[in-house]
Amino acid sequence: MASLFANGISRFSPQTTSESSKLPKGFHPKPESLKFPSPKTLNPTRVFKVRANVGTESSDKLQQYFQNQDYDNKYGFVENIDSITTPNGLSEETIRLISKLKKEPAWILEFRLKAYAKFLKLEEPKWSDNRYPLINLQDMCYYSVPKKKPTLNSSDKGEADDPKLLEVFDRLDVPITKKKCSANVAVDAVFNSESIAITNKEPLEKSGVIFCSISEAIRKYPDLIKKYLGRVVPSDDNYYAALNSAVFSDGSFCYIPKNTRCPMPVSSYFRMNAIKSTGQFERTLIVAEEGSYVEYSEGCTAISHDKNQLHAAVVELYCAEGAEIKYSTVQNWYAGDEQGKGGIYNFVTKRGLCAGDRSKISWTQVEKGSAITWKYPSVVLEGDDSIGEFYSVALTNNYQQADTGTKMIHKGKNTKSRIISKGISAGRSRNCYRGLVQVQSRAENAKNTSTCDSMLIGDNAAANTYPYIQVKNPSARVEHEASTSKIGEDQIFYFQQRGIDHERALAAMISGFCRDVFNKLPNEFGAEVNQLLSIKLEGSVG
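Worth saying up front: this structure is predicted, and the values here are computed from it rather than measured.

Student: Now, about the pattern of salt bridges: what can you tell me, with residues and values included?
Tutor: One pass over the structure, following the stated rule, counts 18 salt bridges. As a salt-bridge pair, Lys360 and Glu389 come within 3.7 Å of each other at their nearest N and O atoms. Taken together, the positions of Lys360 in strand β15 (residues 360-367) and Glu389 in strand β18 (residues 387-396) put the pair 29 residues apart, joining distant regions of the chain. Using a relative accessible area of 14% as the deciding quantity, one classes Glu389 as buried. Several salt bridges share partner residues, and in doing so they unite Asp129, Asp403 and Arg434 into one network.

Dropping the structure here:
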């Protein structure tokens, strides 16, 4: 079985002091207003890099505490599903074959081919803190779908033609089967490159809400897709966005009409099940028209595999006047083993546009999985009095690497943004926060508050922070604060003196550290977050 990479995966070594002093070269994506500035062109806020040192015995206990030892059994299993799979390799023929298999109209093929032409002119960016071997895009499969797609009955709780597929999601506790289906949430289940089932479509349709796969939307609602696809994230925005635009397979489309409150939360669950070097390239598009409201959440898992796989997604949010979108993510891709072998490369472009006055977009995420995470969920505040929020917990362990953060671009008057980022680094991992707050010249009375907190566990973990602040309007108010803490023997001893055991002490400290973000997650994510972090968070969620 061929590897995804030309030279395989090498063990990650912690960043040295000399390496830490190097600043990134600047942010590659377009348009220009969304770039992270180059250190050559301005005086960036000081880069904070900290390492923690605690006793060896305590460090070992903390390291074991954060192991997700049940991943292989609960999420990492492989189910043999008969599939249609395209040959490895990336070319114009590959793109034409994907479009043909999906029975797409000619205008989508044209969109793909134009994106591919732009992709060929781009180079993979090198400015992040992430270190990994060269990805061999020619040694990858870009499309794999089950031969038999499950069908649900009119009540969205029926039986499948091929029960094995639904059994996979049943085992993952994803509520799409008759046994687990909930009337309180609509779920789009995506298996490799295809959406295989969507629940509760009928009650949504009665309210005028469209919730379906992006493939179905292309066929049934071409005018909407033509209007909004690529509007927030252009196909040449960056290297991996261009790749996604050329080869994207499936994802979710949600449209909320004017003055409509979505009657229930909508959710997507992405599953990577292919053993060979198969990537996943989903495309999600959410449009909230004037005065509407929607809550969207997503989850994900992948098989435990000793080869790396690529997940390169694009998510676009469009918010009209007075509309609000709440977007929540618990990211649980396979992170590799304790030695850093295997795991998902999670390279994602997520961006929301507050196009109308008084619109609001909130991103809330818990990043626990993937060998490497590279993403910056962002908000462009174009409408006057619009609001953008970003709440994040990123946990890295073993040899995981994460370069993640956000961008808040203030364009309209009286716009507000809030950033709360919590990073926890254990083992030999590196956890980097990279954020841009930009206030443009027209953005009178713009306000931003940013809080970036890091917690280090063990003597080899690293936490890096790169905050960039650009203010071009003197009436703006921008606040940034950062802190770094560590869990040491003295803190554990303090709890144990009072009759609190080691596990409960850790639970209390981590719970308090992450509370501001966990309180923003939907209630249904409470149990999953507890399980992912292997701690009890009594009163922290919901």
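Student: Give me the pairing of strand β14 (residues 343-354): which residues, what numbers.
Tutor: In terms of burial, β14 is largely enclosed, as 12 of its 12 residues are buried. Across 4 bridges, the pairing between strand β11 (residues 308-311) and β14 is parallel. Residue pairing in the sheet places His311 in a bridge with Asn346 of β14. Both β14 and strand β17 (residues 378-381) contribute to a ladder of 4 bridges, which runs parallel. Across the sheet, Cys354 pairs through a bridge with Leu381, a residue of β17.

Student: I'd like to hear about the nonpolar core, residue by residue, with values.
Tutor: Ile176, Ile196, Phe253, Val266 and Ile286 are the most contacted members of the largest nonpolar core, which has 86 residues in total. Once residues lying within four places of it in the same chain are set aside, the contact partners of Phe253 are Ile210, Phe211, Cys212, Ser213, Ile214, Ala217, Leu224, Ile225 and Leu285. Membership of the second largest hydrophobic core comes to 32 residues, among which are Tyr132, Tyr240, Phe347 and Ala371.

Student: So, the packing of aromatic side chains: which residues are in play, and what are the values?
Tutor: For the coordinates displayed, the defined rule picks out 19 aromatic pairs. For the ring pair Tyr327 and Trp363, a centre distance of 4.8 Å and an interplane angle of 55° mean the geometry is tilted. Residue Tyr327 is located in strand β13 (residues 324-331), and its partner Trp363 is located in strand β15; the two are separated by 36 residues in the primary sequence. Across the pair, exposure class does not vary: Tyr327 and Trp363 are buried alike. Arranged with centres 5.8 Å apart and planes meeting at 35°, the rings of Tyr345 and Phe347 form a pair that is tilted. Of the two residues, Tyr345 and Phe347, neither departs from the other in class, the shared state being buried. Ring-pair connections join several aromatic residues into one group, and the members of that group are Tyr116, Phe119, Trp127, Tyr132, Tyr239, Tyr240, Tyr345, Phe347, Trp374 and Tyr376. Residue placement shows Arg171 over the ring face of Phe77; its charged tip is 3.8 Å from the ring centre. The ring of Tyr293 is capped by Arg261, whose NZ or CZ atom sits 4.0 Å from the centre of that ring.

Student: Kindly report on unusual backbone geometry, identifying the contributing residues and their values.
Tutor: Note on backbone geometry: most residues besides glycine have negative phi, and most peptide bonds are trans. Of note in the backbone geometry, Ser370 takes a positive phi value of approximately 70° without being a glycine. In this fold, Ser370 is placed in the loop between β15 and β16 (372-375). Look at Ser370 and you get buried, because its relative accessible area is 1%.

Student: Describe the sheet that holds strand β4 (residues 186-191), listing the residues and the values that go with them.
Tutor: A sheet is described by the order of its strands in space; here 10 strands give the open sequence β5-β4-β8-β10-β13-β15-β18-β20-β22-β24, paired in mixed fashion. In this open sheet, the two edge strands, each paired with only one partner strand, are β5 (194-198) and β24 (477-486). Strand-to-strand twist across the sheet, computed as the mean angle between neighbouring axes with direction ignored, equals 10°. Inspection of the sheet shows strand β8 (residues 266-272) paired to strand β10 (residues 293-302) by 7 bridges, in the parallel sense. Opposite Met272, over in β10, you have Ala302 as the bridge partner. The sheet contacts of helix α12 (residues 502-518) involve β15, β18, β20 (416-425), β22 (447-456) and β24, and relative to β20 the element is tilted by about 155°.

Student: An account of the packing of helix α5 (residues 106-119) against helix α10 (residues 239-247) is requested, with residue identities and associated values reported.
Tutor: Direction vectors running N to C along α5 and α10 enclose 150°, while the axes themselves pass 7 Å from each other. Taken together, the axes of α5 and α10 are roughly antiparallel relative to one another. In the packing of α5 onto α10, the handedness of the crossing is left-handed. Contacts between α5 and α10 involve Phe111, Arg112, Ala115, Tyr116 and Phe119 from the former and Tyr239, Ala242, Leu243, Ser245, Ala246 and Val247 from the latter.

Reading the values: rules and limits
Throughout this document, residue positions are counted from 1 along each chain, in the order its sequence is written. Totals for whole chains, interfaces and linings use all residues, but because this is a predicted model, local features are given only for residues with pLDDT of at least 70 and pairs of side-chain atoms are given and counted only at 80 or more. Excluding hydrogens and water, the side-chain values take into account all heavy atoms of the structure. The term salt bridge refers to a pairing of a side-chain nitrogen on Lys or Arg with a carboxyl oxygen on Asp or Glu at a separation within 4 Å. Secondary structure counts use DSSP, requiring at least four H or I residues in a row for a helix and at least two E residues in a row for a strand, with both numbered from the N terminus. Partly exposed residues are those whose accessible area sits between 20% and 50% of the maximum for their type, while under 20% is buried and over 50% is exposed, using a 1.4 Å probe and protein chains only. Strand pairing is assigned whenever DSSP detects at least two bridges linking the two strands. Here the nonpolar core consists of buried residues drawn from Ala, Val, Leu, Ile, Met, Phe, Trp, Tyr and Cys, with membership extended through side-chain atoms lying within 4.5 Å. Contact criterion: two residues are considered in contact whenever any of their non-hydrogen atoms come within 4.5 Å of each other. When two rings of Phe, Tyr or Trp (its six-membered ring) have centres within 6.5 Å they constitute a pair, described as stacked for plane angles under 30 degrees, edge-to-face for angles over 60, and tilted for the intermediate range. Only lysine NZ and arginine CZ atoms are considered, and such an atom sits over a ring when it is within 6 Å of the ring centre and within 35 degrees of the ring normal. Orientation is described by lines fitted to C-alpha atoms, with helices fitted over the stretch in contact, and by angles between N-to-C directions that extend from 0 to 180 degrees. For classification, angles of less than 35 degrees are called roughly parallel, those exceeding 145 degrees roughly antiparallel, those between 65 and 115 degrees roughly perpendicular, and all remaining angles oblique. Crossings are assigned a handedness: left-handed for a near helix turned anticlockwise from the far helix by less than a right angle, right-handed for a clockwise turn.

The quantities given are spatial measurements derived from coordinates; they are silent on function.
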